[in-house]
Amino acid sequence: GTIVKVNPTEFEDETKKLKTWWKFNSENEDIKHLTVNNDGTPADLPKGGKVDMEIKDPHFIPISQLEESPPNTIVDVIGIVKFASDSVKITSRNGREVEKRTLSLVDDSNVEVNVAIWGERASASSPLTASWERCPVLALQGVRVSDYDGRTLSVITTTKIEVDPNIERADQLREWFAVQGSTATPRMISTAPADDRPVGNLDIRNIEELNSLIANLEAGETIAKYVEITTGVEFIKRESAWYPACPKNDCNTKVIPDGQGGYRCEKCDQTHSSKTNRYVLQATLQDDTGSTWVTAFGDQALLLMDGLSADALERFQNEDLDKFDHAFQATQGKKFKFTIRLKSEEYQEQKRVRPIVVKIEEIHEPDTAVSAAEGGV
């Protein structure tokens, strides 16, 4: 492995922080309980001393194990981002203004914890920001355990953040979240909620009730931010139904054509020979009480398109417009159970609520003829 040498004299000047000099080996018991400063630097080292650390693969611990980890322990954690707060500006102890965003992270131990992200990585302009809406898998290497507000995690200067890593553990978490995790009620080990959600999701009877909740939230009322409703899809908007994304499995960033047949990804700092289209669908849900617009990304959007990929949809647009139009009607007439997050945001100095679909389940209604036969009719 690579040996990284640390010179603690560099820690004294905060303007000289380095982002790659220190890595945490969570399999080494001695290093595991190393005390760190608020900025992530090792504390209590002799002046002029050096620490050699070997970089190894991450050793992810279950979120449930965080209660046993002493404060200031550095750990590796992976889970599903269930909620992300808006970015807020706070004043640090030294009087500097810094941005903070709180994530709610859950894993298949069915335990939830708050994660604080700071600085540029918490800002609205960060490439990470667009990822939170779709409940991605988040891997954190070298994140600090805190006893502030119960048990929480804090991203430090040296923490490595990876969204949707291409590893087996991430696949296991996605499957768990799709099957049961998104509707389960986890045990929260942080005493302060990341938002004002109630425990569990609020079941909505019809679109009229959903629209009433949205109107109340826009008016400033504190309500449930996760709702469930069973209804049908009336219309899927054809314009801007997808965006060109980085082809790497662990990156969903929008790419820009470089004018020479390639695609530039600023997040990866690479130019790729191809792209991967990713859905960002605007759809209207409708029942006999009304209709409302929702947004769906990724796997949830794929379900609304009856499994047709965004790459295939682009080919239809270029080669067969009949198939292109039919693709947007494939799920009309079907019923789905939607789990929706009501995200509040500011637009032209007005508060607006953006309903984001986080889970879809198709409702298979029994065949009436079969039901009648089974009933002896």
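Now for a look at the structure at hand. (Residues numbered from 1 in each chain as written. Predicted model: local features only at pLDDT ≥ 70, side-chain atom pairs only at ≥ 80, totals over all residues. Heavy atoms only, no water.)

Topic: the overall build of the chain
Scanning the chain for helices and strands turns up 7 helices and 20 strands. Evaluated residue by residue, the chain yields a buried proportion of 43% over its 377 residues. Relative to all contacts within the chain whose residues are 6 or more apart in sequence, the contacts with residues 24 or more apart total 65%. Only carbon and sulfur atoms are counted for the fraction: they give 45% of the accessible area of the chain, which is about 19800 Å². (Helix = DSSP H or I, 4+ residues; strand = E, 2+ residues; numbered from the N terminus. Buried < 20%, exposed > 50% of the residue type's maximum accessible area, 1.4 Å probe, protein only. Contact = heavy atoms within 4.5 Å. Areas by Shrake-Rupley, 256 points an atom, 1.4 Å probe, with all protein chains shown as cover.)

Quick notes on the environment of Val 143
In this structure, Val 143 sits in strand S7 (residues 137-146). Distance from Val 143 to Leu 153, taken between C-alpha atoms, is 6.5 Å for residues 10 residues apart in sequence.

What about the nonpolar core?
Counting residues in each nonpolar core, the largest one holds 35 residues, and the members touching the most others are Tyr 279, Leu 304, Leu 313, Phe 338 and Ile 340. Membership of the second largest hydrophobic core comes to 25 residues, among which are Val 75, Ala 122, Trp 132 and Leu 138. (Core = buried A, V, L, I, M, F, W, Y, C linked by side-chain atoms within 4.5 Å.)

Re the pairing of strand S5 (residues 97-106)
Pairing analysis gives 4 bridges linking strand S3 (residues 74-84) to S5, with the strands arranged antiparallel. Counted as the bridge partner of Ala 84 is Leu 103 from S5. Where S5 meets strand S6 (residues 111-118), 7 bridges bridge the pair, whose relative direction is antiparallel. Counterpart to Leu 105 in the pairing with S6 is Val 113. Linking S5 back to S6 in an antiparallel pair, the connection comprises 4 residues, with Asn 110 at a positive phi of about 60°. (Pairing = 2+ DSSP bridges.)

Digging into the sheet that holds strand S14 (residues 256-257)
Spatially, the 3 strands line up as an open sheet ordered S14-S15-S16, and their pairing is antiparallel. The open sheet has two edge strands, S14 and strand S16 (270-272), and neither has a second partner. Judged from the 3 bridges that link them, strand S15 (residues 263-265) and S16 form a sheet pairing that is antiparallel. What sits directly across from Tyr 263, in S16, is His 272.

Some words on the packing of aromatic side chains
Following the criterion strictly, the structure yields 4 aromatic pairs and no others. Residues Trp 176 and Phe 177 carry aromatic rings whose centres are separated by 6.2 Å and whose planes lie at 50° to one another, so their mutual orientation is tilted. Residue Trp 176 shares its accessibility class with Phe 177, and that shared class is buried. With a centroid separation of 5.2 Å and an interplanar angle of 75°, the aromatic rings of Phe 324 and Phe 328 are classed as edge-to-face. (Phe/Tyr/Trp six-rings, centres within 6.5 Å; stacked < 30°, edge-to-face > 60°.)

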